[in-house]
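Chain by chain, the residues run as shown.
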Amino acid sequence: MLPPMHQYIGGQRRAGSGEPFDVLDPSTNEPVESVTLATASDVDDAVAAANAAYPQWSRATPGERSAVLAAAAQLIAERAEDLAHLESRQAGKPIRLAREFDVPGTADNTAFFGAAARRLDGLAQGEYSADHTSSIRREPIGVVGSIAPWNYPLQMAAWKVLPAIAAGNTIVLKPAEITPLTSLIFAEIFTEAGAPAGVVNVVTGTGPVAGAHLVGHRDVDMVSFTGSTGVGRQVMATAAASGKRVHLELGGKAPFVVFEDADLDAAIHGAVAATLINTGQDCTAATRAIVHRSIYPDFVAGVAELMAAVRLGPTGDPDTDLGPLSSQAHQAKVAGMVERARNYAAIRCGGKVPLGDLAKGCYYEPTLVADVPIGSELWKDEVFGPVLAAVPFDDDDEAIRLANDTAYGLAASAWTRDTYRVGRASREIRAGCVWINDHIPIISEMPHGGFRGSGFGKDMSAYSFEEYTNVKHVMEDLTGAAEKPWHRTIFTLP
Ligand code: NAD
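The notes below deal with the structure included here. Since the structure is predicted, the reported quantities are computational estimates derived from the model, not experimental observations.

Let's talk about the sheet that holds strand β12 (residues 254-258)
Okay, so step 1: Spatial strand order, β14-β15-β16-β13-β12-β17-β18: seven strands in an open sheet with mixed pairing. At either margin of the open sheet sits one strand with a lone partner, and together these are β14 (346-349) and β18 (433-436). Pairs of neighbouring strands in the sheet enclose a mean axial angle of 25°, with direction left out of account.
Okay, so step 2: With three bridges connecting them, β14 and strand β15 (residues 367-370) associate as antiparallel partners. Its bridge partner being in β15, I347 is matched across the sheet by V369.
Okay, so step 3: Packing against the sheet, helix α9 (residues 264-276) makes contact with β12, β13 (286-292), β16 (387-393) and β17 (411-415), and its axis sits at approximately 170° to β12.

Some details on helix α10 (residues 296-308)
Okay, so step 1: Spanning 13 residues, α10 covers 18 Å between terminal C-alpha atoms, matching the ideal 18 Å at 1.5 Å per step.
Okay, so step 2: By the burial criterion, the buried members of α10 are Y296, F299, V300, G302, V303, A304 and M307.
Okay, so step 3: Of the surrounding elements, those touching the buried residues of α10 are β12, α9, β13, β14, β15 and β16.

As for the site of the ligand
Okay, so step 1: Near the ligand lie 29 residues; those nearest to it are A148, S228, L250, E382 and H448.
Okay, so step 2: Separating an oxygen atom of the ligand from a backbone N or O atom of A148 is a distance of 2.7 Å.
Okay, so step 3: E382 places a polar side-chain atom, nitrogen or oxygen, 2.5 Å from an oxygen atom of the ligand.
Okay, so step 4: Contact with the protein chains hides 89% of the accessible area of the ligand, taken as 850 Å² for the molecule alone.
Okay, so step 5: At the level of secondary structure, the elements contributing two or more residues to the shell around the ligand comprise α7 (207-216), β10 (222-226) and α8 (229-241).

As for the packing of helix α3 (residues 80-91) against helix α6 (residues 181-192)
Okay, so step 1: Taken N-terminus to C-terminus, the directions of α3 and α6 make an angle of 150°; their axes are 9 Å apart at the nearest point. By the criterion of interaxial angle, the relationship of α3 to α6 is roughly antiparallel. Where α3 abuts α6, its residues L83, L86, E87 and Q90 lie against L181, T182 and I185.
Okay, so step 2: Residues of the contact of α3 with α6, tallied by class, amount to four nonpolar, two polar and one charged.

What to know about the environment of K333
Okay, so step 1: Here K333 shows up in helix α11 (residues 328-341).
Okay, so step 2: Residues K333 and V246, 87 residues apart in the sequence, show an inter-C-alpha distance of 29 Å.
Okay, so step 3: Not counting residues within four places of it along the chain, the set of residues in contact with K333 comprises E382 and V383.

Digging into the pairing of β17
Okay, so step 1: With five of five residues buried, β17 lies mostly within the body of the structure.
Okay, so step 2: Residues A411, S413 and W415 line one face of β17 and the alternating positions A412 and A414 line the opposite face, and both faces are buried.
Okay, so step 3: The sheet contact formed by β12 and β17 spans three bridges and is parallel. Across the sheet, F256 pairs through a bridge with S413, a residue of β17.
Okay, so step 4: With four bridges joining them, β17 and β18 adopt parallel strand pairing. When the sheet's bridge partners are listed, A412 is paired in β18 with V434.
Okay, so step 5: After leaving β17, the chain enters helix α14 (residues 419-428) and then returns to the sheet as β18, a path that is right-handed.

Notes on the sheet that holds β10
Okay, so step 1: In spatial order, the strands read β2-β1-β9-β8-β7-β10-β11-β19; together these eight strands make up an open sheet with mixed pairing. The strands lining the two open edges of the sheet, one partner per strand, are β2 (12-14) and β19 (455-456).
Okay, so step 2: Bridge analysis of strand β7 (residues 143-147) against β10 gives four bridges, and the strand direction is parallel. Paired with G145 across the two strands is V223, which belongs to β10.
Okay, so step 3: Here helix α1 (residues 40-59) sits on the sheet and contacts β1 (7-9), β2, β7, β8 (170-174) and β9 (200-203); the angle it forms with β8, its principal contact strand, is near 155°.
Okay, so step 4: Sheet strands touched by α8: β10, β11 (245-249) and β19. Its angle to β10, the strand with the most contacts, is close to 175°.

What about the nonpolar core?
Okay, so step 1: Of all hydrophobic cores here, the largest spans 86 residues; its most connected members are I165, F186, F190, V258, F299, V303 and L368.
Okay, so step 2: In terms of residues, this core owes the most to one element, helix α5 (residues 153-166), which gives ten residues.
Okay, so step 3: Structurally, this core is a two-domain feature, drawing no fewer than three residues from each of domain 1 (7-249 + 461-474) and domain 2 (254-436).
Okay, so step 4: With residues near it in sequence (within four places) discarded, V303 still touches I268, A271, V272, L368 and L388.

Quick notes on the packing of aromatic side chains
Okay, so step 1: Applying the stated criterion across every chain yields a total of eight aromatic pairs.
Okay, so step 2: Taken together, a centroid distance of 5.8 Å and an interplanar angle of 80° make the contact between F113 and F465 edge-to-face. You can see F113 sitting in helix α4 (residues 95-116) and its partner F465 sitting in helix α15 (residues 465-468), a full 352 residues away along the chain.
Okay, so step 3: By relative accessible area, F113 is classed as buried at 0%.
Okay, so step 4: A relative accessible area of 3% places F465 in the buried class.
Okay, so step 5: The interplanar angle of 75° and the centroid separation of 5.8 Å between the aromatic rings of F259 and F393 together place this pair among those described as edge-to-face. Placement of the pair is F259 in the loop between β12 and α9 and F393 in strand β16, with a sequence separation of 134 residues. As far as the burial class goes, F259 and F393 line up, both buried.

Calculation criteria
- Residues numbered from 1 in each chain as written.
- Predicted model: local features only at pLDDT ≥ 70, side-chain atom pairs only at ≥ 80, totals over all residues.
- Heavy atoms only, no water.
- Pairing = 2+ DSSP bridges.
- Helix = DSSP H or I, 4+ residues; strand = E, 2+ residues; numbered from the N terminus.
- Axes fitted to C-alpha atoms, helices over the stretch in contact; angles between N-to-C directions.
- Contact = heavy atoms within 4.5 Å.
- Expected span 1.5 Å × (residues − 1).
- Buried < 20%, exposed > 50% of the residue type's maximum accessible area, 1.4 Å probe, protein only.
- Near = heavy atom within 4 Å.
- Polar contact = N/O pair within 3.5 Å; in protein donor to acceptor, adjacent residues only side chain to side chain.
- Areas by Shrake-Rupley, 256 points an atom, 1.4 Å probe, with all protein chains shown as cover.
- Parallel < 35°, antiparallel > 145°, perpendicular 65-115°, else oblique.
- Nonpolar A, V, L, I, M, F, W, Y, C, P; charged D, E, K, R; others polar.
- Right-handed = clockwise from strand over helix to strand, strands pointing away.
- Core = buried A, V, L, I, M, F, W, Y, C linked by side-chain atoms within 4.5 Å.
- Domains from an automatic or database assignment.
- Phe/Tyr/Trp six-rings, centres within 6.5 Å; stacked < 30°, edge-to-face > 60°.

Here it is as structure tokens:
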């Protein structure tokens, strides 16, 4: 299953022309594969391949594109077990998560875009001016340059590639350099499914070299980026120099608001699951529990008890609940933030790197930090680890204000049985998704995307076509007249 070469360009596997780089399994820090990184010249070749494929692919009928996507969905389903193992190893995911979430989610997304490719909506053709017929064409943009993060490598490749190619664009994807392997298999699947060479290309390289070159490339028409807010802003600045369209999916700091009438048991279970999914390396993960003071002590005690029961272990073991963080550098960042929080808040669970067998990997214990001061580092900044900060509130106004006390705006949840609180939280929390009495589920038919510091534009769902298409208005004269009434405004004839 391992891709023996590390770039996928013009329907061919090939080695990169850059330095060798070890992809490590973060559960052991042992190499999974040594790849050769892409340089600027590999990116040039991939962009040229995508440009060469564009005329044919953009003129394929929706039905033809749909058939390729449907065949790819089938191939992903057939290779599900191999993809799950490779994803688990390169990203340090417990195999249960890779099998039950990453791979089926990708297959479903691919099948969804197979269907959606046949339905690009617009205004009805009509005579909005009495003398003209207007129609709308929704056209692909051209070559898309996409940059993806390491937390859900396969799903992020899918979120970038699928709407782009379903709408008739061609793409060059740069996965994160530490997790490139399943993106290469994913690209190859599209060739097997019947996509012409060059429709999906993957360059595996570093951000500053391959990523920056792709973003600034004059033959790339649009940039779609998922990653941290800081790098996203750099990407936007680079793309601005050539005036490219940009789509940014950035970081998050999701509030988890528990009102006094909530089902406390459901909120406790929901908070643990929503904090620990993917070892907290999820941009929508619950990070700030904002809990009514009357139930705050019970919430904190319940979450601490449940978190302590979560099983850390080898990622290949189906009984393992929590895998490692993605790298030693990231583990050090998470541990550093929790260590500093000891000085200003109460660690109620976890807060340590585990010892014993797990010490060889990048593990970190599920961690609950209570009484986190508003404005502190743990309140404001993305940890991207299995760490939940908790604070009490006294009234609904304060709860909503605290939920919105963030530079981000990707996801949020409100826990209540009161219909008026549901209405208020839905309307007033500034985030791209607000869950009610749940936190995390996503679905191919519904959009994912942020407000404010979390970026703009949507992944998944038919809304993503707004990012990957241009709307063209065609206006056709119905009169055949040489002298049109409106000409009188511009010139008058003798
Ligand atoms: P990151 O920003 O460090 O890297 C993301 C990608 O950008 C990588 O492929 C990297 O190589 C590339 N990159 C780095 N510097 C670049 C440059 N100068 N030019 C072009 N590309 C460059 O993010 P990460 O650490 O890989 O991922 C974690 C972050 O991603 C978190 O902030 C998380 O919230 C965010 N994220 C957001 C979503 C979302 O949908 N909003 C989804 C997943 C992850």
